[in-house]
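Spelled out, the chains give:
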Amino acid sequence: MVVTNNFLLISIVFFTIFSPSQIAIASGSKCQSISISAHPNYPPFHWKEQGTLVGASIDISRSIFQNLGLDVKVSYEGPWKRVLMSIKQEKIDFIPALKKTSDRQQYLEFTQNEFATNPVAIFVKKGKALVPKSFKDLIGLYGSVNAGDKHGDKVDSFVSSQSNMQFIHGLSQNFEMLILGRTDYFITGFYTGYDFLKANKLDSHVEVAFKINGLKIHNGFTHQYAKECQRIVKEL
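### Examining the state of the cysteines
As enumerated under the stated definition, the model contains one disulfide in all. What pairs with C31 in a disulfide is C229, and their sulfur atoms sit 1.9 Å apart. Here the disulfide of C31 and C229 is left-handed, its torsion about the S-S bond being about -90 degrees. Placement of C31 in the loop between α2 (20-23) and β1 (33-36) and of C229 in the loop between α9 (223-228) and α10 (230-234) is noted, with a sequence separation of 198 residues between them.

### A closer look at the pattern of salt bridges
Taken as a whole and assessed by the stated rule, the structure comprises three salt bridges. Residues K150 and D103 are paired through a salt bridge, measuring 3.7 Å at the closest nitrogen-oxygen approach. You can see K150 sitting in the loop between β10 (143-146) and α6 (153-161) and its partner D103 sitting in the loop between β6 (94-99) and β7 (108-110), a full 47 residues away along the chain. By relative accessible area, D103 is classed as partly exposed at 28%.

### So, the sheet that holds strand β11 (residues 165-168)
Taken in spatial order, the five strands line up as β11-β10-β12-β9-β13 in an open sheet, and their pairing is mixed. On the outer flanks of this sheet lie β11 and β13 (206-212), each paired with one strand and no other. Neighbouring strand axes in the sheet, compared pairwise and without regard to direction, differ in orientation by 30 degrees on average. Of the pairings in the sheet, the one linking strand β9 (residues 120-125) to strand β12 (residues 185-189) comprises four bridges and is antiparallel in character. Bridge assignment links F123 to a residue of β12, and that residue is F186. Those strands touched by α6 are β9, β10, β11 and β12, and its axis lies near 155 degrees from that of β12. Contacting β9, β12 and β13, helix α8 (residues 190-199) crosses the sheet at an angle of about 110 degrees to β12.

### Looking at the sheet that holds strand β4 (residues 52-54)
One open sheet accounts for three strands, arranged β2-β3-β4; its pairing is antiparallel. In this open sheet, the two strands that pair with only one neighbour each are β2 (41-42) and β4. Bridge count for β2 against strand β3 (residues 46-49) is two bridges, and the pairing is antiparallel. Paired with N41 across the bridge in β3 is W47.

### Looking at unusual backbone geometry
Each neighbour pair has its own omega, and for P43 with P44 the value is 5 degrees, a cis peptide bond. One non-glycine residue, Q50, adopts positive backbone phi at about 55 degrees. In this fold, Q50 is placed in the loop between β3 and β4. Residues other than glycine seldom take positive phi values, yet A97 does so here, at roughly 55 degrees. Within the secondary structure layout, A97 lies in strand β6. Of the residues examined, A97 reaches a relative accessible area of 1% and is grouped as buried.

### Points about the pairing of β3
Hairpin connection between β2 and β3: a loop of three residues separates the two successive antiparallel strands. Note that β3 and β4 share three bridges and pair antiparallel. Counted as the bridge partner of K48 is L53 from β4. Here β3 hands over to β4 after two residues, with Q50 in that stretch at a positive phi of 55 degrees.

### Some thoughts on the packing of helix α7 (residues 171-179) against α8
For the pair α7 and α8, interaxial distance at closest approach is 11 Å and the crossing angle is 80 degrees. It follows that α7 is roughly perpendicular to α8 by the angle criterion. Residues L171, S172 and F175 of α7 lie in contact with α8, whose contacting residues are T192, G193, F196 and L197. Among the residues making up the contact of α7 with α8, the classes are represented as four nonpolar, three polar and no charged.

### Topic: the nonpolar core
If you look at the biggest cluster of nonpolar residues, it comprises 37 residues, and the most contacted ones within it are F45, F65, F175, F221, Y225 and I232. In this view, F65 contacts I34, I36, L70, V72, F94, F221, I232 and L236; residues no more than four positions away in its chain are not counted. Counting residues in each nonpolar core, the second largest holds 16 residues, with V120, I187, F210 and L215 among its members.

Here is what the cut-offs are and how they apply
Residues numbered from 1 in each chain as written. Predicted model: local features only at pLDDT ≥ 70, side-chain atom pairs only at ≥ 80, totals over all residues. Heavy atoms only, no water. Disulfide = S-S within 2.5 Å. Helix = DSSP H or I, 4+ residues; strand = E, 2+ residues; numbered from the N terminus. Salt bridge = Lys/Arg side-chain N within 4 Å of Asp/Glu carboxyl O. Buried < 20%, exposed > 50% of the residue type's maximum accessible area, 1.4 Å probe, protein only. Pairing = 2+ DSSP bridges. Axes fitted to C-alpha atoms, helices over the stretch in contact; angles between N-to-C directions. Contact = heavy atoms within 4.5 Å. Parallel < 35°, antiparallel > 145°, perpendicular 65-115°, else oblique. Nonpolar A, V, L, I, M, F, W, Y, C, P; charged D, E, K, R; others polar. Core = buried A, V, L, I, M, F, W, Y, C linked by side-chain atoms within 4.5 Å.

Written out as structure tokens, the structure is:
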């Protein structure tokens, strides 16, 4: 899996800010463990590989929690919707690097500090005569999003208003539908889509029509874990 240079820079900055000496807490904390899961198909932040979750966000989270003296369990829960169900049912404690939305705040306590900036991109098939430049240009076209994904209230509001929107599982299936001409555009995180296209040598078939910049991703704890382990939550 390819990890972009931008994201490697994010990782370096993150470790610089949150060095082990800064985040160490007393070993007597009552919160001695944490379970982590994440989107199985969200490169370059995290993805499924050989039955487990890997990626920079997993590595960073594990390192921070271990430096805090916690036992860390990384759990592959299955498709993204199942991961969200697991966090709602408090089967897991923590999800790194996801969009902060009003509906997710009902069951997640998001960190005040963002994990990274991840613009949302509208991908289209290369060679189109008219390339859309705004949401207005997408009205009436056939689009898709990765099932279960959220991209912030502004983008999500547009998605929910479109009757021609399809909710398709997986980056591979969404880009396949786009390349085959069965959809006109695909909405996903810019770094996520770019990394997938590069890794699978599909970037000659797909391009970015336009981006929505300034969108951030955060880490999220269950409300119960955040309540019981406030000192840990504050370190992120």
